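Structure assessment
Each chain, written out:
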Amino acid sequence: MNIFDGVKEALIENANVLVEGNLIRAVSAAPLAAANAVMIDGGGRTLMPGLIDMHVHLNMQFVGSGNDRAIQGAQLMTWEELGGLAYASAQEYLPAGVTTVRDLCGTSSGLQKHIDIGTLTGPRIYLSGACVSASSGHGDWRWNPTVLSGEKSYLEGLGLTTLADGGDAVLKASRNNLAGGADFVKMMSGGGVTSERDPLDSIQGTPEELAAMVKATGDFGTYSAVHAYTDISVQNAIRAGVVSIEHGNLMSEPETFKMVAEADAWVVPAMAAFAPDILEHPYYGNPTLPAYAKTARVNKNGEAWIKLANEYRINMAFGSDSLAVTPPAWRQTRDFQITQWGRSFGNLRTLQAMTSDAGKLLALSGIMNPYPEGKIGVIEEGAYADIILVDGDPLEDLSVIGASESMFGSAPRPTSSVDTIPFVMKNGEIHKNTLN
Ligand SMILES: [Zn+2]
């Protein structure tokens, strides 16, 4: 058994790992012994850290109800229907080798709590709580008549999103999220692709509002994230002290990449948007829908973006970011994004983005870190025992961790399982074992 430790290109050959409780106790090329230990023989496989998906929306998979209107459709669902769908979406991860996810708004701490105490099964969850958004911004999900009367939308009432205008309101909304169990906070600082009303170039989040979020999170020892595509929305966020840029796909000026690098900030790009296949997508590629022109514009920026990201060596982590899709559609997009990452940044960087680099960004949650005992995303002494076994060498071939060659040309995985990952351990507990 060889080990990819999440960091180094060179595998640790013919090595052993000793797990005690929920932590890794030892990693060694020499034989390891412990009284009453259960032996698992990895054979010729590669052992590596459990994968991390740094941008998910567990509570925004509004499918399975016959409702295809995404957020608008979700306004018609009861709370337990939404919660049930959130739990169903959480079931995608462990069988695919993903032991940790970071939820970028829409989810409160209920699911996290019950997975942690063992009532439910699923990955570790880091979460930002409700989406903090300006009125008319990317998280404004009111539809008439609420938008005209100024009332809260149903989903705001349930805590999926929260509208805040002005510094004091953002301070309050950010603190509300922290009080509700958020580990960090996310705000919308620019327009989005899927939303119908906020143009990509709209500026959301005044300097005062961004600073208020950064103040609230900084005072609690954690960090802030933003949804941002354009140079100006990214630059505004970096100037305010935000360290996690979600998407950033329209960054085009070298100055923006330089600012991200100098601030030691992170970008979690939506890599599917840069794939030529995206315009064959039934939603993003449908010229009659508002998302089409936005998607086409983002897609055109792909080549230049990847070049600048490589040149400035900005910190990046892997995120699948899909919402309101069926499980097979989610798998198709996510699996293809691994390939797209590999093509753009190489296999080693891709694997780091899904393990050790992702772990570094998670650790910025500091004293709010829900899993503070050990590191996540690495195989080393003292790290959490989040471990997978892979048939083959992922540094040579990303398909062994689920990468598929095309988004629509290949059939989606029929189940949540990535079958070339026969063994999944999270927090020292075995969640999948198909080794014979
Ligand atoms: Zn998102």
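Residues numbered from 1 in each chain as written. Predicted model: local features only at pLDDT ≥ 70, side-chain atom pairs only at ≥ 80, totals over all residues. Heavy atoms only, no water.

- Taking an unreviewed UniProt entry as the reference, the protein is identified by name as Amidohydrolase family protein belonging to Aliisedimentitalea scapharcae.

1. A few points about the coordination of the zinc ion
- Within the first shell, the zinc ion binds the protein through His55 (NE2), His57 (NE2) and Asp321 (OD), at distances of 2.0 to 2.5 Å.
- Positions of the donor residues of the zinc ion along the chain correspond to the pattern H-x1-H-x263-D. Here histidine 55, found in strand β5 (residues 51-56), pairs with aspartate 321, found in the loop between β14 (315-316) and α12 (327-345); they are 266 residues apart in sequence, far enough to count as distant. In this pair, the class of histidine 55 matches that of aspartate 321, namely buried. (Donors = N, O, S within 2.8 Å, 3.2 Å for Na, K, Ca; no water. Helix = DSSP H or I, 4+ residues; strand = E, 2+ residues; numbered from the N terminus. Buried < 20%, exposed > 50% of the residue type's maximum accessible area, 1.4 Å probe, protein only.)

2. Some points on the sheet that holds strand β15 (residues 387-390)
- Taken in spatial order, the five strands line up as β1-β4-β15-β16-β17 in an open sheet, and their pairing is mixed. Looking at which strands have only one partner, the edges of the open sheet turn out to be β1 (2-3) and β17 (429-433). (Pairing = 2+ DSSP bridges.)

3. Quick word on the pairing of strand β10 (residues 185-188)
- Of the two faces of β10, both are covered, the one formed by Val185 and Met187 as well as the one formed by Lys186 and Met188.
- Chirality of the crossover, the property in question, places the unit of β10, helix α7 (residues 207-219) and strand β11 (residues 224-230) among those that are right-handed. (Right-handed = clockwise from strand over helix to strand, strands pointing away.)

4. Concerning the sheet that holds β5
- An order of β5-β6-β7 is seen for the three strands of this open sheet, with the pairing classed as parallel. Each having just a single partner strand, β5 and β7 (124-127) make up the two edges of the open sheet. This sheet shows a mean twist of 20 degrees between the axes of neighbouring strands, independent of strand direction.
- The strands touched by helix α14 (residues 356-363) are β5, β6 (98-103) and β7; relative to β5, the strand with the most contacts, the crossing angle is about 55 degrees. (Axes fitted to C-alpha atoms, helices over the stretch in contact; angles between N-to-C directions. Contact = heavy atoms within 4.5 Å.)

5. As for the pattern of salt bridges
- Tallied over the full model, the rule gives 15 salt bridges.
- Between aspartate 5 and lysine 8 there is a salt bridge, with the nearest N and O atoms lying 2.5 Å from each other.
- Residue class for lysine 8 comes out partly exposed when judged on its relative accessible area of 45%.
- A salt bridge links arginine 413 to aspartate 335, with the nearest nitrogen and oxygen atoms 2.8 Å apart. Separated by 78 residues along the polypeptide, arginine 413 in the loop between β15 and β16 (423-426) and aspartate 335 in helix α12 bring together distant segments of the chain.
- Here aspartate 335 falls in the buried class, since its relative accessible area comes to 4%.
- A single salt-bridge network, built from bridges that share partners, covers Arg334, Asp335 and Arg413. (Salt bridge = Lys/Arg side-chain N within 4 Å of Asp/Glu carboxyl O.)

6. Re α7
- Over its 13 residues, α7 runs 18 Å from end to end, which matches the ideal 18 Å to within 8%, given 1.5 Å per residue.
- Three or more residues of α7 are buried, namely Glu209, Leu210, Ala212, Met213, Val214, Ala216 and Thr217.
- Contacts made by the buried residues of α7 are with α6 (167-179), β10, β11 and α8 (231-240).
- One or two positions beyond α7, positive phi appears at glycine 221, with a value near 75 degrees. (Expected span 1.5 Å × (residues − 1).)

7. Considering the nonpolar core
- By size, the foremost hydrophobic cluster in this structure holds 80 residues, and its most contacted members are Ile245, Trp305 and Ile401.
- Ranked by residue count, the leading element in this core is α7, at five residues.
- The residues touching isoleucine 401, leaving out its near neighbours within four places in the chain, are Met48, Leu51, Arg334, Ile338, Leu351, Met354, Val390, Pro394, Val418, Thr420 and Ile421.
- Grouped together as the second largest cluster of nonpolar side chains are 17 residues, Val268, Ala358, Leu362 and Tyr384 included. (Core = buried A, V, L, I, M, F, W, Y, C linked by side-chain atoms within 4.5 Å.)

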